[in-house]
Amino acid sequence: MSKPNDTFTVNIDGQILLASKGLTILQVAEENHIYIPTLCAHKDLTPFGGCRMCIVEVEGMRGFPTACTTPVEEGMIIRTDTAQIQKVRMEILQLILSEHTSSCLICEEKEECREFQGTIRKVGVTTGCRYCSKDGQCELQEVVEKLRLRQINYPIYYRHLRVEKDDPFYDRDYNLCILCGRCIRVCQEIRTANTLTFKQRGCYTVIGPAYDRSHLDAGCEFCGACVSVCPTGALSEKTNKWEGEIEQKTTTTCPLCSIGCQIGLLLKGGKVIGTLPAEDPLVNNGQLCVKGRFCITELVNNFHRLKKPYRTHDGIKVEISWQEAIKLAAEKISACPAEDFGLLISPNCSNEDLYIAQKFTRAAIGSHQIDTSARVFYGAGFNAYLDLMKMSASLSDIKNASLVLCIGLDTRFGRSVIGVEIRKALKKGARLFTIHPREHNLALIAEKWLQPVPGTEVDILNTLVNLSEEKRKAAPPAKSKWRIKSYEDELSGLVEMLKKAYSPIILLGSEFLQYKESPQIYEAVRKLTQKVKAKVLPLPPQNNLFGSILSGSYPELLPGGFSSTEEQRLKYLSKKWGKNLPAFSSGWNAEKLLAGTKLKVLYLIGEVPTGFRPPADFIIFQNIYPPAPFFEADLVLPSAAFTEVEGTYINSEGRIQRVRKGVEPPGEALPDWEILCRIAQEMGRKGFEFSNPCEIREELSNLIKGFDEREIDERKINPLICEGKFVVSRSGLPIKKKDAKNFPFLLTASSVEDTYRGFPLSLWVEGAKKLFAEGILEINPEDAQKSGISQDDEVIVTASSFEETWRARISKEQPQGILHARLFPFEKIGPNPHAVRIRKKNA
Amino acid sequence: MTKEIEEKILSLKGKFPKVKTAILPAFHILYQESGYLDPEGMEKISELLEIPLMEVYEVASFYTYFPSEKTGKYIIRVCDNLSCLLSGAEKLIGYLEEKLKIKVGQMTPDGLFTLSTVECLGSCGTAPVMMVNEDYYENLTREKIDQILEKLSKK
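Residues numbered from 1 in each chain as written. Chains lettered and ligands numbered in written order. Predicted model: local features only at pLDDT ≥ 70, side-chain atom pairs only at ≥ 80, totals over all residues. Heavy atoms only, no water.

Caption draft 1: Spatial organisation of the overall build of chain B. Each helix and strand in chain B was counted, giving seven helices and four strands. Reading chain B from its N end, one meets helices and strands in the order α-α-α-α-β-α-α-β-β-β-α. Its C-alpha atoms put chain B at 50 × 30 × 20 Å along the principal axes. Element-wise, carbon and sulfur atoms account for 52% of the exposed surface of chain B, whose accessible area totals about 8,700 Å². (Helix = DSSP H or I, 4+ residues; strand = E, 2+ residues; numbered from the N terminus. Areas by Shrake-Rupley, 256 points an atom, 1.4 Å probe, with all protein chains shown as cover.)

Dropping the structure here:
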């Protein structure tokens, strides 16, 4: 807030304008719609004064100060467009353009050329000059147009720089760069990823990471912030490079993790051609990660998308009409006894889809056998994780925290929006601690990185809990041959800091989600949170895990988070739905599916639980992509992706967020709820006469709090209210001590979490292949040398319970003696860690 | 990098209101130590001063005075700007190349001399000028160069 005496008047071009202290001349001019040309200035970045386009005359000041860096002062008399300024400005613009291909800027044929670029020919001919893909969306073009520059009186110098196309997602042609430094500033100031810099000086200056490393090696997060701010065509996105200007923009919610970033879908010709972060102060505040910024376009546009329903007869694909498909599905399901039917639905689906799926299972079939892959993902720790989710803090608590403790969190590619918030807190003086077994991007900026040996993280957390209980009794140090470091001293210091901290927050990533001791880990996190009065924010990889719990997509849970054993609630729902619901008994679930329990009909909605045919007589596979050939689904139904439907998600904070339709689904694909409703109606069941998601929400709003349209628009945070408990199986076998000789390595494995509807992003998105590789074994260089393994060798990993083959990736980030495997989403080898031995294949 | 040097660099940390300012003094220390800014040394500076490597590199690539590769015992920097060029610097550079049997930017095989050119040394009145390590040599001629090189080789 500016005090009254901080407000004064200035004179710009003869207009008396109100200005306040701290503003620059450019800001005051822009506020009053006075045009001053700029190239390097950007509203979100600090002034730079590099391009010199915004020079003005200020009475009493020497020379031509730049409007973007000069603060206004009382009584200033400023002129922005005198004949002399015009002359100098034109000269500067010419100098900038003397190193820039300018056929699209200054050309005698420009007007005519543009008009006839669309000439119809029989062969592909490029009409007009095509140096740059940003034609029509270029700020340099705008400035040239506004200043009416017609010719360049300097010789044009082409820098002959190699166009950099090696990194995924965006190309860099620094021959088009005007060195405005916006990309560097956005990388340093907003993302604080510190990847880019000016290299060399004078006429040799180029932009790039230190030592000419690739962006991938230099720690780039591929968030695309630099591409968004580039005023020229120097930086361009690979997927939509030559698409031209967009026609329309729709704001929706990204489904690729539980943060629920608001994204703008860029639409053209009925197609999503790109995504940009939406300015949403509640969630992502104009930031995105690589998944939301670059992966979505390819994910929803891939030509492999399912377009028509089909069934398989003896391995042969027969395309059928929707009518036939619905009839076939209804027939098979009607003929199937309730206890032999199972439905698996992805937590990537919207609340409306999830609700209809569980209503379909309960009311149309009379079974509780509906589940999601989250049960397998969280295993024995599901209940403990649920307890943590009930305590979820808000995303805005991160930047206001005075101490941030990250547990198993890496914010480089996924959740990078959280990384930006953490760095905001650090700028305000917060302290950052991180617990992670492997090198991760937060380790560089954390005050302390506790690196537990796999299997000892629970000791660290329990020690923290014990210390915080004032008993001052540390847990006995775990004796392990793999122990690298002991942390007793650091831990008591950390607890003291946590206790004293004004507003501590604990962020839970996904590293420890698939550990044998994960129930104890979550339990310890919960206790610690309560003891030190910290906030906690679990960040599950499944975007709508919250929604799947509230909508009742599990055998143990009814809509609204009620337990399925609660008879009163069952009766209430029976009355509402007009069908007597059976009493709950723990029958089939996702774990049983993997264990091999056979069903008559298995209905998979957005789930790919196995790499081969799961045990069932009849499999309905409903997804946006076809199953792998070995999967042998009997009936395949094409669903619509999130860009093609209306609906809602709930993010990890508990905020209900809208999903908005941007384009029509490809071919005949339909939204999941619609397919389910049509099958139920075909089966003659009542209560499925919905014609749009709004009607489903209306029914939902009676069962779950916060679901009427008005409340959704308010976007408040609803805490998770869930009374039900999951029936969880005990986790895997402990490592036998005596095995240490036979199995000299410790292996942790994480199944890829960058998935959408059961498929890894790297399957459908070209650039993601470089970022999120699967089937990879990461190994320390020294371990690799000792075992005679080199990069990309096939390595056989043997444990007492499995033998797998992965491709080796030698990585300095991996501590000695410890291996890390990145698994395919359907690959399951049991909870971490595993004692293993390795050998090179064919050796 | 020795412990002693590390401590020297660390002690720079509190000296300036902004840590970034300590990059240049740290470079001087590293330069005196290893004769050039080696990548490992720069990484160490970034680690010790807690400044992102890319910011350290930015400064290093800006100041041409700090060589980024191993150099000879003597670095000869000949000015090739206008005043010196008019006074025959170009020919002298050619003479030096011929005499040392290396090109500009290279080092003699015996590790004694590195030849490079430099922007204005601020001594146009006594052009042509060159700098050998930290000493100026002015009003250069072929004979003078012969003498200088002979003297230096004997040292």
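Next comes the rest of the description.
Caption draft 2: Expanded view of the nonpolar core. Residue and element names in this part refer to chain A. Judged by nonpolar contacts, the single largest core of 102 residues is most densely connected at I333, L343, F360, L405, Y603 and I679. Of the residues forming this core, the biggest block, eight residues, is contributed by helix 9 (residues 351–365). Here this core spans two domains, and each of domain 2 (328–373 + 545–714) and domain 3 (381–538) adds at least three residues to it. Those residues in contact with I679 that lie beyond four places of it in its chain are I326, A329, A330, I333, F360 and Y603. Counting residues in hydrophobic clusters, the runner-up holds 95 residues, among them A193, L265, L432 and I624. (Core = buried A, V, L, I, M, F, W, Y, C linked by side-chain atoms within 4.5 Å. Buried < 20%, exposed > 50% of the residue type's maximum accessible area, 1.4 Å probe, protein only. Domains from an automatic or database assignment. Contact = heavy atoms within 4.5 Å.)

Caption draft 3: Structural detail: the packing of aromatic side chains. One pass over the structure, following the stated rule, counts 31 aromatic pairs over all chains. Aromatic pair A:F48 and A:F198: ring centres 6.1 Å apart, planes at 20 degrees, arrangement stacked. Of this pair, A:F48 sits in the loop between helix 1 (25–31) and strand 3 (57–58) while A:F198 is found in strand 6 (residues 197–199), placing the two residues 150 residues apart along the sequence. On the accessibility criterion, A:F48 (33% relative accessible area) is partly exposed. Looking at A:F198, the relative accessible area reads 17%, which means it is buried. Here the aromatic rings of B:F62 and B:Y63 are separated by 5.2 Å at their centres, their planes lie at 75 degrees, and the arrangement is edge-to-face. Taken together through their ring pairs, the aromatic side chains of A:F377, A:Y378, A:F382, A:Y385, A:Y522, A:Y554 and A:F726 make up a single cluster. The ring of B:F62 carries A:R201 above its face, with NZ or CZ at 5.2 Å from the centroid. Note that A:K359 overlies the ring of A:F688, its terminal NZ or CZ placed 5.3 Å from the centroid. (Phe/Tyr/Trp six-rings, centres within 6.5 Å; stacked < 30°, edge-to-face > 60°. Lys NZ or Arg CZ within 6 Å of the ring centre and 35° of its normal.)

Caption draft 4: Up close: the interface of chain B and chain A. Across the boundary between the two partners, chain B contributes twelve residues, which contact twelve residues of chain A. Applying the counting rule to chain B against chain A returns zero salt bridges. Where chain B meets chain A, there are four residue pairs in polar contact (both at pLDDT 80 or more). Those elements giving two or more residues to the side of chain B that touches chain A turn out to be helix 3 (39–49) and helix 4 (53–62) of chain B. With seven residues, helix 4 of chain B is the largest single contributor of residues to the side of chain B that touches chain A. (Salt bridge = Lys/Arg side-chain N within 4 Å of Asp/Glu carboxyl O. Polar contact = N/O pair within 3.5 Å; in protein donor to acceptor, adjacent residues only side chain to side chain.)

Caption draft 5: Up close: the pairing of strand 2 (residues 113–118) of chain B. All names here are of chain B. Where burial is concerned, most of strand 2 is hidden: five out of the six residues are buried. Looking at chain direction, strand 1 (residues 74–79) and strand 2 are connected through six bridges and run parallel. Residue C79 lies in a different strand from strand 2, and its bridge partner there is V118. (Pairing = 2+ DSSP bridges.)

Caption draft 6: How the structure looks around the sheet that holds strand 28 (residues 745–751) of chain A. Residue and element names in this part refer to chain A. With mixed pairing, the six strands of this closed barrel are ordered in space as 28-34-31-33-32-35. The sheet shows a mean angle of 45 degrees between the axes of neighbouring strands, direction not considered. When strand 32 (residues 794–799) meets strand 35 (residues 834–840), the two strands line up antiparallel, connected through five bridges. For T798, the partnering residue across the bridge sits in strand 35 and is R837. (Axes fitted to C-alpha atoms, helices over the stretch in contact; angles between N-to-C directions.)

Caption draft 7: Representation of helix 4 (residues 139–147) of chain A. Residue and element names in this part refer to chain A. Turning to helix 4, its buried residues are L140, Q141, V143, V144 and L147. Looking straight down helix 4, one finds its buried side chains confined to an arc of 165 degrees; they lie on one side. Downstream of helix 4 by one or two residues, R148 has phi in the positive range, about 55 degrees. (Arc of directions from axis to C-beta.)

Caption draft 8: How the structure looks around the sheet that holds strand 25 (residues 635–638) of chain A. Residues and elements named next belong to chain A. Spatially, seven strands are ordered 13-12-25-24-23-14-15 in an open sheet, and the strand pairing comes out mixed. Whereas interior strands pair on both sides, the edge strands pair on one side only; in this sheet they are strand 13 (316–319) and strand 15 (370–371). When strand 12 (residues 310–313) meets strand 25, the two strands line up antiparallel, connected through two bridges. Bridging from a neighbouring strand, R311 pairs with L635 of strand 25. Packing against the sheet, helix 9 makes contact with strand 14 (341–345), strand 15 and strand 23 (599–605), and its axis sits at approximately 175 degrees to strand 14. Across the face of the sheet, helix 20 (residues 672–682) comes into contact with strand 14, strand 23, strand 24 (616–623) and strand 25 while running at roughly 150 degrees to strand 23.

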